[in-house]
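Analysis of the macromolecular model
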Amino acid sequence: MIEHEVIIVGGGLAGLRAAVGLCEKYDVGLISKVYPLRSHSVAAQGGINASLGNHPEGRDDSWEKHMFDTVKGSDYLADQHAVEIMCKDAPRAIYELEHWGCPFSRFPDGSIAQRPFGGAGFPRTCYSADLTGHVLLHTLFERAISKRLKVYPEWYVFALVSDGITCHGVIAFDLLTGEIVPCAAKAVLFATGGYGRVYYYSTNALINTGSGIGIAYRAGVPLKDMEFVQFHPTGLVGTNILMTEACRGEGGYLINRLGERFMEKYAPIAMELAPRDIVSRSIQTEIEEGRGFDHPHGKYVLLDLRHLGEKKIMERLPGIRSICLDFLGIDPVYEPIPVMPCQHYSMGGIDTNEKCETALRNFFAAGECACVSVHGANRLGGNSLLETVVFGKIASESISEYLCGNEVKPDRGLLLEEKKRLEKKIERLMNGEGEKASKIQVELSKTMSEYVGIFRTEEQLKFALTKIMELKERYKNVKVSSRRRAFNYELTGALELEFMLDVAHTIALGAYLRKESRGAHFRRDWEKRDDKNWLKHTVFKFNEDGEPEVSYKDVIITRFEPVERVY
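Reading guide: rules and limits
Residues numbered from 1 in each chain as written. Predicted model: local features only at pLDDT ≥ 70, side-chain atom pairs only at ≥ 80, totals over all residues. Heavy atoms only, no water. Core = buried A, V, L, I, M, F, W, Y, C linked by side-chain atoms within 4.5 Å. Buried < 20%, exposed > 50% of the residue type's maximum accessible area, 1.4 Å probe, protein only. Helix = DSSP H or I, 4+ residues; strand = E, 2+ residues; numbered from the N terminus. Contact = heavy atoms within 4.5 Å. Pairing = 2+ DSSP bridges. Axes fitted to C-alpha atoms, helices over the stretch in contact; angles between N-to-C directions. 1 Å grid on protein atoms, 1.4 Å probe; cavity = no way out; pocket = protein on both sides within 12 Å on 5 of 7 lines; lining within 4 Å. Points joined across faces, edges and corners; volume = space filled by probe spheres on them. Nonpolar A, V, L, I, M, F, W, Y, C, P; charged D, E, K, R; others polar. Salt bridge = Lys/Arg side-chain N within 4 Å of Asp/Glu carboxyl O.

In summary, soluble globular proteins display a tendency toward joint burial of nonpolar side chains. Leu160, Val170, Phe190 and Phe363 are the most contacted members of the largest nonpolar core, which totals 78 residues. With 13 residues, helix α15 (residues 489-513) is the largest single contributor of residues to this core. When residues no more than four places from it in sequence are discounted, the contact partners of Leu160 are Cys167, Gly169, Val170, Val188, Phe190, Ile215, Ala216, Ala219, Val221, Leu360 and Phe363. In this structure, Leu13, Cys356, Ala395 and Tyr402 belong to the second largest nonpolar core, which totals 62 residues.

The next subject is the sheet that holds strand β14 (residues 337-346). Spatially, the four strands line up as an open sheet ordered β11-β14-β13-β12, and their pairing is antiparallel. Since the sheet does not close on itself, it has two edges, and those belong to β11 (229-236) and β12 (253-255), each with one partner. With strand direction ignored, the average angle separating the axes of adjacent strands in the sheet is 45°. For strand β13 (residues 301-304) and β14, the ladder comprises three bridges, and the chain directions are antiparallel. Each residue of the ladder has a partner; that of Leu302, found in β14, is Pro338. Helix-sheet contacts for helix α8 (residues 276-288) involve β11, β12, β13 and β14, and the interaxial angle to β11 is about 60°.

With that settled, consider empty space enclosed by the protein. Counted by the stated rule, this structure contains two cavities of 30 Å³ or more. Of the pockets and cavities examined, the largest cavity occupies roughly 50 Å³. Forming the boundary of the largest cavity are Gln230, Phe231, Asp277, Ser280, Arg281, Asn378, Ile454 and Ala520. Taken together, the elements giving at least two residues each to the lining of the largest cavity come down to β11 and α8. Take the lining of the largest cavity: its biggest share by element is three residues, from α8. A breakdown of the residues in the lining of the largest cavity according to their chemical character gives three nonpolar, three polar and two charged. Looking at the second largest cavity, its volume works out to about 40 Å³. Partitioning the lining of the second largest cavity into residue classes produces three nonpolar, five polar and one charged.

For the structure on display, the rule yields 59 salt bridges. The shortest N-O distance in the salt bridge between Asp60 and Lys65 comes to 3.8 Å. The class of Lys65 is partly exposed, set by a relative accessible area of 30%. The salt bridge involving Arg124 is made with Asp61; its shortest N-O contact spans 2.8 Å. Of this pair, Arg124 sits in the loop between β4 (114-115) and β5 (125-126) while Asp61 is found in the loop between β3 (48-49) and α2 (63-73), placing the two residues 63 residues apart along the sequence. With relative accessibility at 1%, the residue Arg124 sits in the buried group. Judged by its relative accessible area of 11%, Asp61 falls in the buried class.

Turning our attention to the pairing of strand β8 (residues 167-174). Across the eight residues of β8, eight count as buried, placing the element largely inside the fold. In the sheet, strand β7 (residues 155-162) pairs with β8 via seven bridges, with the strands oriented antiparallel. Opposite Ala159, over in β8, you have Ile171 as the bridge partner. Between β7 and the antiparallel strand that follows it, β8, lie four residues; Gly164 among them carries a positive phi value of about 95°. As judged from the five bridges shared by β8 and strand β9 (residues 180-190), these two strands associate in the antiparallel manner. Note on β9: the bridge partner recorded for Val170 is Cys183.

Structural data, given as structure tokens:
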């Protein structure tokens, strides 16, 4: 058994920012599925929002305008007090990162450069070429290591241990040795990222299974707004690698098979810089109405950067050019990029308040795995990186405040009991013959992409729910072929699949029950937003029968009354 005062699960931006805030006062251990510098935060490209007012066309930007854009983008489902906290703190967070050595791109006067992003009234997205997540992650990792953070790389967490009221730690699996390790802590923070791999077409890395969300759910911690799934408009066809919104922010066009800039039909003012939910639906409509192109891995439209010129592409979007050359053999300086919408981000997640606290005492969550909620029904580009650093810091402050005011003694007996339970589960998976977890996972992800996608109907959602229940039943007969534990990815995949099934179940059920269209949740049989009946958050709790128990709670509105979104 290992013990730390604080255990952080997840080595991305939210986890590392929390670690930076805690390491000087507490003994902190950070558990990560991969080496932290390979966390999925590294894949973020386009930028991070803050109302610095550096851009010549954004001199009179303010946190209030940033807040309004975020609330409007959320289709008024975001909790406005939490959005206010995030937008007010954004400039401070950017200058803090700058002072820690983050190499932001610069304007000629030396100020931090900013570019336009979708759904924003001002060019307020700070960036470092198209490698913003990469440089932020390195900056925070170096900062955390300098404070002597203890890192457990390539450790998986498979259980959150609680007595129903208080969290006592987690149960981890050391991939290198195959050992199951109880980890006691006075406070636990989950910063485990999103669930993209629940979908077949996703920009997310293979590690983004949503297991952290599923683990918290099984431990009795409620989830919130799981039906709101962001589909990014521009994933590279064939691999679904993200083609950053910065491509459109720098002036890129979306073109259909007829050579038309079709966004003028859907968002005549904002065009390609409408919010992601609107652009994704527009592309999907073009494809469904026969104005897309065919590819063995899906239908697509074109993202055209050629008119930007080689100099601008090399300076602002070098990573995009490299990805296109490496994965498709095309050069966006001379050829348009084939793109399709695919799953990208989880607006829903572990239900937290604005202090990152959950329903379980001394258990906290931050980043994409958490639902504060600052994104509501649709996240604006550039706000996810901001959420990680703002709420990562807040999580560290909340944990510190909690530990200062409470005597906490982890129950080692509970941790050992949970270890035994996991040992038995692994033994069952390794004993005998049965179905492969990978087969069920592929069926699950294809079901989610096809039936719980950009456009949804009651019939499709009913089918998806039936299929998920069938897969849950089949999961009981899953077996692993090798009894060797070290580096057994088949075993870790089988263990994570149970959480993926739970996460998918809550997404599909929430979408089935919500009879309206709002943000990224679009029902073809309920096309209008319905504030009278559905201006509320959906909450899911794992009940005694192992099924989701659904309830609702009010959206917090402070400054902006809901009105129709127009772009």
